[in-house]
Amino acid sequence: MIALSLPEVKECMSKLLLTELFDPFYFIEGEIVTFNTFTIDGRLKKEFFEPDGLPEREYALWKEVREFCFSVIKGKRTPLSFQFVLCLSDANIEKLLKQQELPFQPQDVRGLYLNLKYDGQKLTCITGTSMNLFTMDKSLEQAWDKMVQKFFAQKEITYEVL
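What counts and what doesn't
- Residues numbered from 1 in each chain as written.
- Predicted model: local features only at pLDDT ≥ 70, side-chain atom pairs only at ≥ 80, totals over all residues.
- Heavy atoms only, no water.
- Buried < 20%, exposed > 50% of the residue type's maximum accessible area, 1.4 Å probe, protein only.
- Helix = DSSP H or I, 4+ residues; strand = E, 2+ residues; numbered from the N terminus.
- Pairing = 2+ DSSP bridges.

**Q** Tell me about the pairing of strand β2 (residues 26–33), residues and numbers included.
**A** Most of β2 is tucked away, with six of its eight residues classed as buried. In this sheet, strand β4 (residues 60–61) lies alongside β2 in antiparallel orientation, the contact comprising two bridges. Bridge pairing in β4 links F27 to A60. Relative to strand β5 (residues 81–87), β2 is paired through seven bridges, and the arrangement is antiparallel. Considered in β5, the bridge of Y26 is made with C87. Note that β2 and strand β3 (residues 37–41) share five bridges and pair antiparallel. Of the residues in β3, the one forming a bridge with E29 is D41. Counted between consecutive antiparallel strands, the loop separating β2 from β3 contains three residues.

Right, here's the structure in full:
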């Protein structure tokens, strides 16, 4: 787990809300505080879908809620705060495990998370790793932390390790 400061708040928010950059991530949950507190649960409601259109995943993708979040945030005033929890998709977790030759199976990993938090002034990102088994091996956590930093650097998202 690492904590990153994202000092270019406007630039980062633009990439988060107006581009497809984070679209492949699962959206776990979010909270936006403006004139009200808007809480969003990313868990899909299976009963909403037609049987032939039922997604196999448990959570919405960021691309499916991004425009809604933007509609709540946009305006003359910035939000008082917000927090979004995103998770690397199952396919990308499997890809990371193979690329890094890590000693885990995809079913061993519950999630690799990005916790984006804005407090009205600062934007931070805290990485997280959750496993379905007990292990003292931190190789996946370290690989995820490095991958996030590489992703931010490649996408020109300025960050500082806290």
